[in-house]
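Results of the structural survey
What follows is the residue order along each chain.
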Amino acid sequence: MTHDKRMYAPAAERNKDAIYACLKERLPNSGSILEIASGTGEHAAHLCPLFPNIDWQATNFDEEHLTSAISWQEHCQLENFLPVLSLDACSNLWPVEKNNYAHAPFDALFNANMIHISPWAVCEGLFAGANRVLKTGGKLFLYGPFKLNGEHTSESNVKFEQWLKDKDPSFGVRDLADVIKVASANNLSHEESCGMPANNFIQVFVKK
Ligand SMILES: C[S@@+](CC[C@H](N)C(=O)[O-])C[C@H]1O[C@@H](n2cnc3c(N)ncnc32)[C@H](O)[C@@H]1O
């Protein structure tokens, strides 16, 4: 095992049980799931033992998070926690689309806290890729804050959006209607909205 480079994100610790409660009602008993932007890798580390018959493909874009998620995968020593891959959601060819990749197409995609803290093109890339790698009937679980009908759902999200915009003007809490438009353009329909802690949601989309 390489030197322990596991990182810890307090938010992931806080929301992991609520995410599990939502997924357990909606994932099949067995299959495969692709996680885009796994961050530290803690969600995969928490959820793999809870879904022992689901192969979990964690991925990351930035090097620091990639290193952390690899370290979590090595630490967990679980058969269904697959070796972590480097993946840019904006790419037209994700590594899981290559011929020698065994776990695609996927039953589900999971993505948390990415589309508001990256340019809009990353959201478009996420849905374009979901259309390419999900099975028909497969689901995309999209966790994060959303505006509803152009309005923030809480005062704390107003402040959060200002913080995001100060960081980068292309970031921002996305309006659910805009996200649904991108989903429709990519063959996915919005199925349900699950309330999560701290004014977040999991938006569930289904591949047609
Ligand atoms: C706030 S972190 C969320 C990490 C984790 N999902 C969580 O909820 O703890 C945002 C993540 O989005 C990733 N990200 C940004 N642009 C991306 C892209 N083009 N493709 C894939 N991931 C991207 C970042 O590398 C970072 O890991």
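Residues numbered from 1 in each chain as written. Predicted model: local features only at pLDDT ≥ 70, side-chain atom pairs only at ≥ 80, totals over all residues. Heavy atoms only, no water.

1. Observations concerning the overall build of the protein
- Across its full length, the protein holds six helices and nine strands.
- Whereas a compact globule of 208 residues would reach a radius of gyration of roughly 17 Å, the protein reaches 16 Å, a difference of no more than 12%.
- The buried share of the protein, taken over its 208 residues, is 50%.
- Partitioning the intrachain contacts of the protein with sequence separation of at least 6 by distance along the chain shows that 73% fall at a separation of at least 24.
- When the 18 positive and 25 negative side-chain charges of the protein are each reduced to one mean point, those points stand 3 Å apart. (Helix = DSSP H or I, 4+ residues; strand = E, 2+ residues; numbered from the N terminus. Rg over C-alpha atoms; globule rule 2.2 N^0.38 Å. Buried < 20%, exposed > 50% of the residue type's maximum accessible area, 1.4 Å probe, protein only. Contact = heavy atoms within 4.5 Å. Lys, Arg positive; Asp, Glu negative; His and termini not counted. Charge placed at Lys NZ, Arg CZ, Asp CG, Glu CD.)

2. Concerning the environment of lysine 135
- With respect to the helices and strands, lysine 135 occurs in strand β5 (residues 134-144).
- Spatially, the C-alpha atom of lysine 135 lies 9.5 Å from that of valine 206, the residues being 71 residues apart in sequence.
- Non-local contacts of lysine 135, meaning those with residues more than four positions away in its chain, are made with Pro105, Phe106, Asp107 and Lys207.
- A distance of 3.0 Å separates polar atoms of two side chains, one belonging to lysine 135 and the other to aspartate 107. (Polar contact = N/O pair within 3.5 Å; in protein donor to acceptor, adjacent residues only side chain to side chain.)

3. Topic: the packing of helix α4 (residues 120-133) against helix α6 (residues 176-185)
- In the contact formed by α4 and α6, the axes pass within 9 Å of each other and the chain directions differ by 40 degrees. Looking at the two axes, α4 sits oblique to α6. You can see that α4 and α6 cross each other, and the crossing is right-handed. Residue-level contacts link Trp120, Cys123, Glu124 and Phe127 of α4 to Asp178, Val179, Val182 and Ala183 of α6.
- In terms of residue class, the contact of α4 with α6 is made up of six nonpolar, no polar and two charged. (Axes fitted to C-alpha atoms, helices over the stretch in contact; angles between N-to-C directions. Parallel < 35°, antiparallel > 145°, perpendicular 65-115°, else oblique. Left-handed = near helix turned anticlockwise from the far one by under 90°. Nonpolar A, V, L, I, M, F, W, Y, C, P; charged D, E, K, R; others polar.)

4. Structural notes on the site of the ligand
- Taken together, the neighbourhood of the ligand is formed by 17 residues, with Ala37, Asp62, His65, Asp88 and Ala89 sitting nearest.
- Here an oxygen atom of the ligand sits 2.7 Å away from a polar atom, N or O, in the side chain of histidine 65.
- Alone, the ligand offers 600 Å² of accessible surface; in the complex the protein occludes 85% of this.
- Tallied by class, the residues present in the shell around the ligand amount to eight nonpolar, seven polar and two charged. (Near = heavy atom within 4 Å. Areas by Shrake-Rupley, 256 points an atom, 1.4 Å probe, with all protein chains shown as cover.)

5. Description of the environment of alanine 69
- Counting through the fold element by element, alanine 69 comes out in helix α3 (residues 63-76).
- The class for alanine 69 is buried, based on a relative accessible area of 0%.
- The spacing of alanine 69 and glutamate 42 is 27 residues in sequence and 7.4 Å in space, taken between C-alpha atoms.

6. Concerning the side chain of histidine 116
- Structurally, histidine 116 can be placed in the loop between β4 (106-112) and α4.
- When its relative accessible area of 4% is taken as the criterion, histidine 116 is described as buried.
- For histidine 116, the contacting residues outside a window of four places in its chain are Pro145, Phe160, Leu164, Phe171, Gly172, Val173 and Arg174.

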